[in-house]
Amino acid sequence: MGEEMRNKQIVLSNYVKGSVRESDMSLKESTISSEIPNGAVLVKNLYLSCDPYLIGRMKNIEGYIAEPFKLGYPISGYGVSKVLNSSHTDYKKGDLIWGFTGWEEYTLIKDLTGVFKINETDVPLSYYTGLLGMAGTTAYVGFFELCSPKKGETVFISAAAGAVGQLVGQFAKLTGCYVVGSAGSKEKVDLLKNKFGFDEAFNYKDEQDYNAALKRYFPDGIDIYFENVGGKLLEAVLNNMRLHGRIAVCGMISQYELEQPEGVHNLFNLISKRVRMEGFLVFDYYHLYPKFLEMVLPLIKEDKITYVEDVAEGLESAPSALVGLFSGRNVGKQVVVVARE
């Protein structure tokens, strides 16, 4: 018989309607056995990733990218964990991994698809929730694989100070592009220009006319748009795209809390300007993860890439951290520390 361990969890209390609230989640104490079935691992969770896509799984809707969470059960998402016990041939006690795990102190992982062993540990472990995990791979795939950037092209990134946007901007600068980002505060705009090296940045909340703002920063138009926001900003971008422009559709955070998402009324621009607009999910591209690491690890070690995290301490802080994403409270990648080892 295995030992029973106390296990704090963040569970879904109510399905979200409209905006997500902290009261839609609750802290619960359960128990978990150290005994595990064949082919599974028991892990201690160290760092959890807060990501906007989670709200879709907190709504009882069909047709989303993943099934809804079950009421009364832990929320799950990306995280960094340490293996406590393993009956899987590829993992042993003490291994560090990143991938899908529960919002709880300990998780039994039976399906290890999309779980990666961490071999490079001379970087902060929390980076595997973002820069060296899902967010970094997303930035790499969306920018390089979908948009095929060329030196001298013009690049616009929305939600540019977030987990993905801050990296896309730096990849674009390293490629030799002219880069502009939008964000939701003066602090974030300063970060984009002074820390991440964007050529220009603006606070979208200060702009009455997105179309005019984009014309100001891109008088000759936009070659590449990395889309994280949707809505009225996407409409303005479509008006300002150049011939044969590329749009990588990564997310649409302005739409996630709306009961009735906004329409886009000027899609004819895709035809007249021969623009290619493509949505993607990073899960389809994890076969490129080794190629991504090969590129990004030297850049980190040479200080050519910088990464900003917004760290919330303790599992109980996770609901507040998640809610904060939708008001732009976080600065950089939102991470929750469950335990530091």
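Note that the structure is predicted; figures quoted are calculated from it, not measured. (Residues numbered from 1 in each chain as written. Predicted model: local features only at pLDDT ≥ 70, side-chain atom pairs only at ≥ 80, totals over all residues. Heavy atoms only, no water.)

Peer 1: Help me out: how do you make sense of helix H3 (residues 165-175) in this one?
Peer 2: Within H3, 8 of the 11 residues are buried, which leaves the element mostly enclosed by the surrounding structure. Every buried residue of H3 is accounted for by Gly 165, Gln 166, Leu 167, Val 168, Gly 169, Gln 170, Phe 171 and Ala 172. Where H3 is buried, its residues meet helix H2 (134-147), strand E8 (154-157), strand E9 (178-183), strand E11 (222-227), helix H8 (289-301) and strand E15 (333-337). One or two steps after H3, the chain reaches Gly 176, where phi turns positive at roughly 95°. (Buried < 20%, exposed > 50% of the residue type's maximum accessible area, 1.4 Å probe, protein only. Helix = DSSP H or I, 4+ residues; strand = E, 2+ residues; numbered from the N terminus. Contact = heavy atoms within 4.5 Å.)

Peer 1: Hey, could you run me through the pairing of E8 in this one?
Peer 2: What you see with E8 is no split at all: Thr 154 and Phe 156 on one side and Val 155 and Ile 157 on the other are buried throughout. Note: E8 against E9, 4 bridges, orientation parallel. When the bridges of E9 are listed, Ile 157 appears paired with Gly 181. Relative to E11, E8 is paired through 3 bridges, and the arrangement is parallel. Bridge pairing links Phe 156 to Tyr 225 in E11. (Pairing = 2+ DSSP bridges.)

Peer 1: Please explain the sheet that holds E9 as it appears in this structure.
Peer 2: Strand-to-strand pairing in sheets goes through backbone hydrogen bonds, with the strands running parallel or antiparallel. Strand order in the open sheet made by the 6 strands is E10-E9-E8-E11-E12-E13, with parallel pairing throughout. Among the strands making up the open sheet, the edge pair consists of strand E10 (200-203) and strand E13 (276-279). Taken pair by pair, the neighbouring strands of this sheet meet at an average axis angle of 15°, ignoring direction. In the packing of helix H5 (residues 210-217) onto the sheet, contacts are made with E8, E9, E10 and E11, and the angle to E10 comes to roughly 165°. (Axes fitted to C-alpha atoms, helices over the stretch in contact; angles between N-to-C directions.)

Peer 1: In this structure, what is going on with the packing of aromatic side chains? I would like to understand it.
Peer 2: Two numbers describe a pair of aromatic rings. These are the distance of the centres and the angle of the planes. This structure, assessed with the given rule, holds 20 aromatic pairs. Measuring from ring centre to ring centre gives 4.8 Å for Phe 116 and Tyr 289, while their planes differ by 50°; the resulting arrangement is tilted. Within this pair, whereas Phe 116 is found in strand E7 (residues 116-117), its partner Tyr 289 is found in helix H8, the two being separated by 173 residues in sequence. Residue classification places Phe 116 among the buried positions, given a relative accessible area of 16%. Relative to Phe 280, the ring of Phe 226 lies with its centre 6.4 Å away and its plane at 80°, an arrangement referred to as edge-to-face. One end of the pair, Phe 226, is in strand E11; the other, Phe 280, is in the loop between E13 and H8, with 54 residues separating them in the sequence. Note on Phe 280: relative accessible area 9%, which makes it buried. By way of ring pairs, the aromatic residues Tyr 78, Trp 98, Phe 100, Phe 116, Tyr 140, Phe 143, Phe 144, Phe 171, Tyr 286, Tyr 289 and Phe 292 are connected into one cluster. Across the ring face of Tyr 73, the terminal group of Lys 70 is positioned such that the distance to the ring centre comes to 5.9 Å. One Lys or Arg, Lys 117, reaches over the ring of Tyr 91 and ends 5.5 Å from the middle of that ring. (Phe/Tyr/Trp six-rings, centres within 6.5 Å; stacked < 30°, edge-to-face > 60°. Lys NZ or Arg CZ within 6 Å of the ring centre and 35° of its normal.)

Peer 1: Honestly, the pattern of salt bridges in this entry has me stumped. Any pointers?
Peer 2: Enumeration according to the criterion identifies 16 salt bridges in this entry. For Arg 21, the salt bridge is made with Asp 24, and the minimal N-O distance between the two is 3.6 Å. Asp 122 serves as the salt-bridge partner of Lys 301, at 3.9 Å between the closest nitrogen and oxygen. Residue Lys 301 is located in helix H8, and its partner Asp 122 is located in the loop between E7 and H2; the two are separated by 179 residues in the primary sequence. Members of the salt-bridge network, linked through shared partners, are Lys 92, Asp 95 and Lys 117. (Salt bridge = Lys/Arg side-chain N within 4 Å of Asp/Glu carboxyl O.)

Peer 1: How should the UniProt feature "domain: Enoyl reductase (ER)" (unreviewed entry) in the protein chain be read in this particular structure?
Peer 2: UniProt tags residues 41-336 as "domain: Enoyl reductase (ER)" (unreviewed entry). With 28% helix and 25% strand, residues 41-336 has its two end C-alpha atoms placed 22 Å apart. (UniProt positions renumbered as here; feature names shortened; annotations may be inferred.)

Peer 1: Would you explain the side chain of Asn 203 in this entry?
Peer 2: Looking at the secondary structure, you find Asn 203 in strand E10. There is a polar contact of 2.9 Å between the side chain of Asn 203 and the backbone nitrogen of Lys 205. When residues no more than four places from it in sequence are discounted, the contact partners of Asn 203 are Ala 183, Gly 184, Ser 185, Lys 186 and Val 189. (Polar contact = N/O pair within 3.5 Å; in protein donor to acceptor, adjacent residues only side chain to side chain.)

Peer 1: Any chance you could explain the packing of H2 against H3 here in plain terms?
Peer 2: The angle between the axes and the distance between the axes are what describe a pair of packed helices. Closest axis-to-axis distance for the H2/H3 pair is 9 Å, and the angle between their directions is 45°. Taken together, the axis directions place H2 and H3 in an arrangement best described as oblique. You can see that H2 and H3 cross each other, and the crossing is right-handed. When H2 is examined against H3, the residues Ala 135, Gly 136, Ala 139, Tyr 140, Phe 143 and Phe 144 are found in contact with a partner set consisting of Leu 167, Val 168, Phe 171, Ala 172 and Thr 175. Its residues placed into classes, the contact of H2 with H3 shows 9 nonpolar, 2 polar and no charged. (Parallel < 35°, antiparallel > 145°, perpendicular 65-115°, else oblique. Left-handed = near helix turned anticlockwise from the far one by under 90°. Nonpolar A, V, L, I, M, F, W, Y, C, P; charged D, E, K, R; others polar.)

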